[in-house]
Amino acid sequence: MKIAIMGFGVVGSGVGEVVTKNQENLINKCGESIEIAHILDLRDFPDSEFDCFTKDFNDILNDPEVGVVVETMGGVNPAYDFTKKLLLAGKHVVTSNKELVATHGTELLALARERNINYLFEASVGGGIPIIRPLYSCLTAGEATDVFGILNGTTNYILTQMFQCGESFENALKAAQQKGYAEADPTADVEGYDTCRKIAILAALAFGKALDYTKISTEGITKITADDVAFAEKLGYAIKLIGHSTKDGDAVYAAVFPAFVPKNSPLAGINDVFNGIIVRGNDLGEVMFYGRGAGKLPTANAVVADVVDAIKHKRVNVIIKWDAYDEKHQSQGENLAYAYYIRFSGKAPANIPGSRIVAFSDDDRKAEFAVLTEGLTKSALEDVIKSTKAAGCELMSCMRLIGE
Ligand code: HSE
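Please read these numbers as outputs of a predicted model, since none were measured by experiment. (Residues numbered from 1 in each chain as written. Predicted model: local features only at pLDDT ≥ 70, side-chain atom pairs only at ≥ 80, totals over all residues. Heavy atoms only, no water.)

Draft legend 1. Region of the structure containing helix α8 (residues 169-178). Turning to α8, its buried residues number three or more, namely F169, A172, L173 and A176. Projected down its long axis, α8 shows its buried positions confined to an angular sector of 100°, all on one face. The outward face of α8, more than 90 degrees from its buried face, is lined by the exposed residues E170 and Q178. In this structure, the buried residues of α8 make contact with α7 (153-164) and α9 (187-190). G180 occupies a position one or two residues after α8 and carries a positive phi of about 80°. (Buried < 20%, exposed > 50% of the residue type's maximum accessible area, 1.4 Å probe, protein only. Helix = DSSP H or I, 4+ residues; strand = E, 2+ residues; numbered from the N terminus. Arc of directions from axis to C-beta. Contact = heavy atoms within 4.5 Å.)

Right, dumping it as structure tokens:
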């Protein structure tokens, strides 16, 4: 099978490496060899072992021998235009591009279905972890109730460095970039946008409804301070950037937030670039997926596995579908309750409504205390904060608890 790669960055070059290195294994798995016929990239790669570079997309589109195209360009444009043209031309497309899947996945999947070909995107969430295929294949019998977890390797690496080595946020980010984990613009990682796109994809697969990811409440890790880390340690928690999606009646809720995760939860032990995703279902109970969530070769492995799957299903559409976006389907979670960690400065009032635990700062120079609450809706949380502020305290930070 002749394939093409569009975008020869970290993941695209990893695909080249994985295909070359594992030829024999790939022949065993899909019954034929995989030959890279074209690599599309605007840059030059004079030292590359490959000699099939092109700057013209039409070389791929118009090559009748190319049956599967790998899209590792990232971003919506021109990846969207290229993907549509390729699917219309009857070529399978496999991608690691979460932004494109989260934005136009509904349409691209429908196009692939009409043409009896495949649009596959295992590498778009969780790097090398199988999570997309389990959601549309192994876990389809019962109803999912929750999907949540650590979906971004860069931020998990940064938080691990901050917790375990007392490293500054800036230094930890630089190290993550050097290791090739971070997005080109690290804002997408640290502000939670990358996790937001990933949870939108998982929510669509788990609950069968497309969400508008621009309407997903998204908070990153840039406001977490050493004081929050100290309180988390004191109270027996880790802090993780979490993507969470759940049913809210007939609608679906999704959010991205830094959360206190109890040390005895499996998510708390997920460190460095690793991701962990928990799926809860009515009959299923709880399953967890764990592995390298970013990085060249783990992500390329997921891409190449999709190439193999496309070759195995050359003339069969593997049905992956969800309902198109409808604003009625997307909940803003007003009625959902979460427990919270809230840090205040000032003298703790004798009675804080909704609180279960109150802890005081070990730093004598700081008159600070932290509260762990019971499950509160957003408006109940606002009431707790308002009444504590009325007692003369200042709100310093507030994070949800998850995984208890
Ligand atoms: N920047 C992403 C991460 C890459 O750190 O998880 C994988 O999607």
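Draft legend 2. The arrangement of unusual backbone geometry in detail. Residues N77 and P78 are joined by a peptide bond in cis, for which omega reads 5°. Looking at the secondary structure, you find P78 in the loop between β4 (66-71) and α4 (79-88). A positive phi angle, close to 65°, is found at N116, a residue other than glycine. Its place among the elements puts N116 in the loop between α5 (98-115) and β6 (119-120). Residue class for N116 comes out partly exposed when judged on its relative accessible area of 40%.

Draft legend 3. Structural view of empty space enclosed by the protein. Evaluated as defined, the whole model comprises 1 cavity of 30 Å³ or more. Put simply, the largest cavity is a space of about 40 Å³. Together, L109, A112, R113, I117, N118, Y119, L120, N317, V318 and I320 line the largest cavity. Considering each element in turn, the lining of the largest cavity owes the most residues, 3 residues, to α5. Across the lining of the largest cavity, the residue classes tally to 7 nonpolar, 2 polar and 1 charged. (1 Å grid on protein atoms, 1.4 Å probe; cavity = no way out; pocket = protein on both sides within 12 Å on 5 of 7 lines; lining within 4 Å. Points joined across faces, edges and corners; volume = space filled by probe spheres on them. Nonpolar A, V, L, I, M, F, W, Y, C, P; charged D, E, K, R; others polar.)

Draft legend 4. Expanded view of the site of the ligand. Around the ligand sit K98, N152, G153, T154, Y181, A182, E183, D189, D194, K198, G293 and A294, and those are all the residues in its vicinity. Taking K98, its side chain carries an N or O atom lying 2.6 Å from an oxygen atom of the ligand. The separation between a nitrogen atom of the ligand and a polar main-chain atom of Y181 is 2.8 Å. For the ligand, the protein covers 92% of the area, taking 250 Å² as the surface of the free molecule. Residue assignment for the shell around the ligand shows that the elements contributing at least two residues are α7 and α10 (193-207). Its residues placed into classes, the shell around the ligand shows 3 nonpolar, 4 polar and 5 charged. (Near = heavy atom within 4 Å. Polar contact = N/O pair within 3.5 Å; in protein donor to acceptor, adjacent residues only side chain to side chain. Areas by Shrake-Rupley, 256 points an atom, 1.4 Å probe, with all protein chains shown as cover.)

Draft legend 5. Expanded view of the layout of surface pockets. Its volume calculated, the second largest pocket comes out at about 480 Å³. L139, T140, G142, L205 and A206 are, among the 23 residues lining the second largest pocket, the residues nearest its centre. Elements that contribute at least two residues to the lining of the second largest pocket include exactly α6 (132-138), α10 and β11 (274-281). Of the residues in the lining of the second largest pocket, the class split is 13 nonpolar, 5 polar and 5 charged.

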